[in-house]
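Residue-level structure breakdown
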Amino acid sequence: MHHFPSTTSLTRRAVLTAAGGLTAAAALSLTPTAATASPRGYQNPVVPTNNPDPAVLAADGAFFLYATNGAAGAMPVLTSPDLVEWTPVGNGMPQLASWCRPGRHWAPEVIAVGDRYLSYYTAWRADIDQQAVSVAVSSSPAGPFVDERTAPLIDQSAEGGSIDASPFRDADGSLWLLWKNDGNHDGLPSYIYLQQLSDDGLELVGEPRRLFGMDQPYEKYTIEGASVVVHQGRYYCFYSTGEFWNDSYGVCWASAPSITGPWTKEGDGPILASNDVAAGSGHGMPIKVGPHWWYVYHAWQPDHVNQDPGRLVWLSRITFTGHGPVIDGPAVDNPFAPRV
């Protein structure tokens, strides 16, 4: 959640990391769904510029990354053949919806529904000083995404607003949307919400339900950035807690037998946290490449927390163990990378 001005100033390490990026044309020629494991290593950050709240989609033979607004515009889009080498595409949402004002476009996540791509995103309401969630549509994963609604999809003005939407397709094909009420914006509690979507993904169905709130000693300030995957029949929700502007921010998890729950927090603290190379690690999403799971997320440089160059994009491997998921890192040098 929340944005900071993007910058082109890079540390020496970031410049070295960025060298050798592939072109978008090369990225589009590959097929991530055919991915296999490779011993080839990689270096973090994989995107050495400010791209907070990253989300990734595999589509059209490439990976696409979407981030909170920055120098590229309201919806920065990048593309990659392998989750490691990223090339900027541009602004995926050049025209804003009529119900919002510019400046606080946050955390878009994109899913393919039929022959269209739907971006669930957070924006600043024009009528009140709150965030809300809506949906924009494109015929391409790169955009342009257009929201023709005259009001946001989710309006929780009595609960501080709504942010951090994440779409999920269940095994039976049903579509669901997770998000967080922005309670901490108004001194209220925050919860992770869930509601079913219509088959076309454009409307909500039924009633929203609270999946869980803050009830653990390791949860601080808020919970947000939820994203769900299924592994061996079990549902896992990765979410962030802490203050995004300092090193208290990290990633925790809960699990359930179904998307509707009941959800249980079985860990004893964050499975991704700050260390000597990355601070405030969090608000990302898991993605499976071949047989392996990865987590794409943002983090500050430890000596530049809440400063330029902003929140850079990192990549870490997820391993599912008998005690739940484990996320490697953060680490600059990684011996094992996804390969397509």
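Please read all numbers here as calculations on a predicted model, not as lab measurements.

**Some words on the overall build of the protein chain**
From N to C terminus, the protein chain includes 2 helices and 22 strands. Here the protein chain, with 340 residues, has 58% of them falling under the buried criterion. Put simply, of all contacts in the protein chain between residues at least 6 apart along the chain, 54% involve residues at least 24 apart.

**So, the sheet that holds strand E9 (residues 131-138)**
A sheet is described by the order of its strands in space; here 3 strands give the open sequence E7-E8-E9, paired in antiparallel fashion. Every interior strand has two partners, whereas the edge strands, strand E7 (100-113) and E9, have only one. For this sheet, the mean inter-axis angle between neighbouring strands, taken without regard to orientation, is 25°. Across 8 bridges, the pairing between strand E8 (residues 116-125) and E9 is antiparallel.

**Section: the pattern of salt bridges**
Under the criterion given, the structure shown has 12 salt bridges. For Lys180, the salt bridge goes to Glu224, with nearest N and O atoms at 3.2 Å. Placement of Lys180 in strand E11 (residues 175-181) and of Glu224 in strand E14 (residues 223-231) is noted, with a sequence separation of 44 residues between them. In this structure, a network of salt bridges that share partners links the residues Arg125, Asp127 and Asp155.

**Notes on the sheet that holds strand E4 (residues 62-66)**
With respect to topology, 4 strands assemble into an open sheet ordered E3-E4-E5-E6, the strand pairing being antiparallel. Both edges of this open sheet fall to strand E3 (55-59) and strand E6 (87-91), since each of them pairs with a single strand only. The mean inter-strand angle of the sheet, taken between neighbouring strand axes irrespective of direction, is 25°. Note that strand E5 (residues 76-80) and E6 share 4 bridges and pair antiparallel. From the neighbouring strand, Leu78 faces E6, where its bridge partner is Pro88.

**Considerations on the pairing of strand E17 (residues 279-289)**
Where burial is concerned, most of E17 is hidden: 10 out of the 11 residues are buried. Bridge count for E17 against strand E18 (residues 292-300) is 7 bridges, and the pairing is antiparallel. Among the inter-strand pairings, Gly282 is bridged to a residue of E18, identified as His298. Linking E17 back to E18 in an antiparallel pair, the connection comprises 2 residues, with Gly290 at a positive phi of about 65°.

**Things to note about the packing of aromatic side chains**
Summed over the entire model, instances satisfying the criterion amount to 16 aromatic pairs. Between the aromatic rings of Trp294 and Phe336, the centroid separation amounts to 5.9 Å while the plane-to-plane angle is 5°, which identifies the pairing as stacked. Highlighted residues: Trp294 in strand E18 and Phe336 in the loop between strand E21 (333-334) and strand E22 (337-339), separated in sequence by 42 residues. Relative accessible area serves as the criterion here: at 1%, Trp294 is assigned to the buried category. For Phe336, a relative accessible area of 22% corresponds to the partly exposed category.

**Thoughts on unusual backbone geometry**
Residue Pro45 is reached from Asn44 by a cis peptide bond, and omega for that bond is -5°. Backbone torsion omega between Asp308 and Pro309 reads 5°, so that peptide bond is classified as cis. Within the element layout of this structure, Pro309 appears in the loop between E18 and strand E19 (312-321). The residue Tyr221 is not glycine, and still its phi comes out positive at about 70°. Its place among the elements puts Tyr221 in the loop between strand E13 (204-213) and E14. Accessibility expressed as a relative area gives 34% for Tyr221, which makes it partly exposed. A positive phi angle, close to 40°, is found at His283, a residue other than glycine. Judged by relative accessible area, which is 3%, His283 ranks as buried.

**A closer look at the environment of Thr260**
Tracing the backbone through its elements, the reader meets Thr260 in the loop between strand E16 (250-256) and E17. Spatially, the C-alpha atoms of Thr260 and Arg209 are 8.3 Å apart, while their sequence positions differ by 51 residues. When near neighbours in sequence (up to four residues on either side) are disregarded, Thr260 contacts Trp176, Leu194, Arg209 and Leu211. Reaching out from Thr260, the side chain makes a polar contact with the side chain of Ser258 at a distance of 3.1 Å.

Cut-off values and rules
Residues numbered from 1 in each chain as written. Predicted model: local features only at pLDDT ≥ 70, side-chain atom pairs only at ≥ 80, totals over all residues. Heavy atoms only, no water. Helix = DSSP H or I, 4+ residues; strand = E, 2+ residues; numbered from the N terminus. Buried < 20%, exposed > 50% of the residue type's maximum accessible area, 1.4 Å probe, protein only. Contact = heavy atoms within 4.5 Å. Pairing = 2+ DSSP bridges. Axes fitted to C-alpha atoms, helices over the stretch in contact; angles between N-to-C directions. Salt bridge = Lys/Arg side-chain N within 4 Å of Asp/Glu carboxyl O. Phe/Tyr/Trp six-rings, centres within 6.5 Å; stacked < 30°, edge-to-face > 60°. Polar contact = N/O pair within 3.5 Å; in protein donor to acceptor, adjacent residues only side chain to side chain.

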